[in-house]
Amino acid sequence: MPVHRPGTARRAPLTAAGILLLALTLLLTAPGTSDAARPPARGSATMGMGVAAHDGTGGLPRDTRTVQAVQTVQTEGVDTSSHNGNVAWSTLWNSGVKWAYVKATEGTYYTSPYFAQQYNGSYNVGMIRGAYHFATPDTTSGAAQADYFVDHGGGWSRDGRTLPGALDIEWNPYGAACYGKSAAGMVSWIRDFVNRYKTRTGRDAVIYTATSWWTQCTGNSAAFGSTNPLWIARYNTDPGALPAGWGYYTMWQYTSSGPTVGDHSRFNGAYDRLQALANG
């Protein structure tokens, strides 16, 4: 019989379960894999966060605010969320920014802690402003999210300074790009949201999206082009091809690296047309 010498520990043989546990531990603690592989925290999504990764970036458009030869002057705007913190609205206003959209909600589980500073702050310096909702079609129905949005800052009033709410529908930062929905299912979800929003506010919601996502996840549906203003996302010198159903864009988010807040957009028209959109 073998003799166990004092001071040495016997090592139990590894079972199959033990080998699997060890392998998982090594994988999760390997350098560079622990944080990068994890999805971001719920609520942290921001407008356009998937655009550069999926569509790339190019140059900047020319400045149509100061070029008088162009047929249509465009009006500069921005969008913000909690990652911007307290925004320097006076700085933006003095640089020529005249409108803003502020993240109010996500799903039915998140409201931005900076919404009041951003929504009221933009208004107080003279901007026309609106609120946006980051859609998560895999968590609750479109109607439920529209209600949550309206109940937490996404409403509308005919004061001449409030834009209709915007539905931010784009790549899923927490999982599969199309939120596990078929094209028909996604179109149904969006219709559910915009119909409820109009019932609650009397306005057609703006739809923010990228053409490539829209094509992939709705089958390039043309169902909303005649009712909902389009806010197209493309970080390049022009907005590119638009989703089916829309003959023109109302807004164009052209960069995520502009001055002061990052996300900058152009309203496709002069300031008086922006006022008309606010007035309904």
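Please read these numbers as outputs of a predicted model, since none were measured by experiment. (Residues numbered from 1 in each chain as written. Predicted model: local features only at pLDDT ≥ 70, side-chain atom pairs only at ≥ 80, totals over all residues. Heavy atoms only, no water.)

Peer 1: Could you clarify how one ought to interpret the overall build of the protein in this entry?
Peer 2: In terms of helices and strands, the protein carries eight helices and nine strands. For the protein, the residues scored as buried account for 46% of the 280 residues in total. In the protein, the proportion of contacts linking residues at least 24 apart, taken out of those at least 6 apart, comes to 68%. When the accessible surface of the protein is split by element, carbon and sulfur atoms take 54% of a total near 13,200 Å². (Helix = DSSP H or I, 4+ residues; strand = E, 2+ residues; numbered from the N terminus. Buried < 20%, exposed > 50% of the residue type's maximum accessible area, 1.4 Å probe, protein only. Contact = heavy atoms within 4.5 Å. Areas by Shrake-Rupley, 256 points an atom, 1.4 Å probe, with all protein chains shown as cover.)

Peer 1: What is the right way to look at the packing of aromatic side chains in this model?
Peer 2: Each aromatic ring pair is summarised here by two numbers: the centre-to-centre distance and the angle between the ring planes. Throughout the structure, instances matching the rule amount to 13 aromatic pairs. Look at Trp213 and Trp214: their rings are 6.4 Å apart centre to centre, the planes differ by 55°, and that puts the pair in the tilted class. The same class applies to Trp213 and to Trp214, which are both buried. With centroids separated by 6.1 Å and ring planes inclined at 70°, the aromatic side chains of Tyr249 and Trp252 adopt a geometry described as edge-to-face. The same class applies to Tyr249 as to Trp252, namely buried. In this structure, Arg129 packs its charged tip against the face of Tyr119, placed 3.8 Å from the ring centre. Over the aromatic face of Tyr254 sits the side chain of Arg266, whose NZ or CZ is 4.6 Å from the ring centroid. (Phe/Tyr/Trp six-rings, centres within 6.5 Å; stacked < 30°, edge-to-face > 60°. Lys NZ or Arg CZ within 6 Å of the ring centre and 35° of its normal.)

Peer 1: Just to check I follow, could you spell out the pairing of strand E6 (residues 206-209) for this structure?
Peer 2: Remember that side chains alternate between the two faces of the sheet whenever the strand is regular. Judged by which residues are buried, E6 turns out to be covered on both faces: Val206 and Tyr208 on one side and Ile207 and Thr209 on the other are all buried. As paired elements, strand E5 (residues 166-168) and E6 share three bridges and run parallel to each other. Of the residues in E6, the one forming a bridge with Asp168 is Tyr208. For the segment spanning E5, helix H6 (residues 183-201) and E6, crossover handedness is right-handed. (Pairing = 2+ DSSP bridges. Right-handed = clockwise from strand over helix to strand, strands pointing away.)

Peer 1: Can you walk me through the environment of Gly258 in this structure?
Peer 2: Structurally, the position occupied by Gly258 is in strand E8 (residues 251-258). Residue Gly258 is classed as buried on the basis of its relative accessible area of 16%. Measuring from C-alpha to C-alpha, the distance between Gly258 and Val78 comes to 9.0 Å, with 180 residues separating the pair along the chain.

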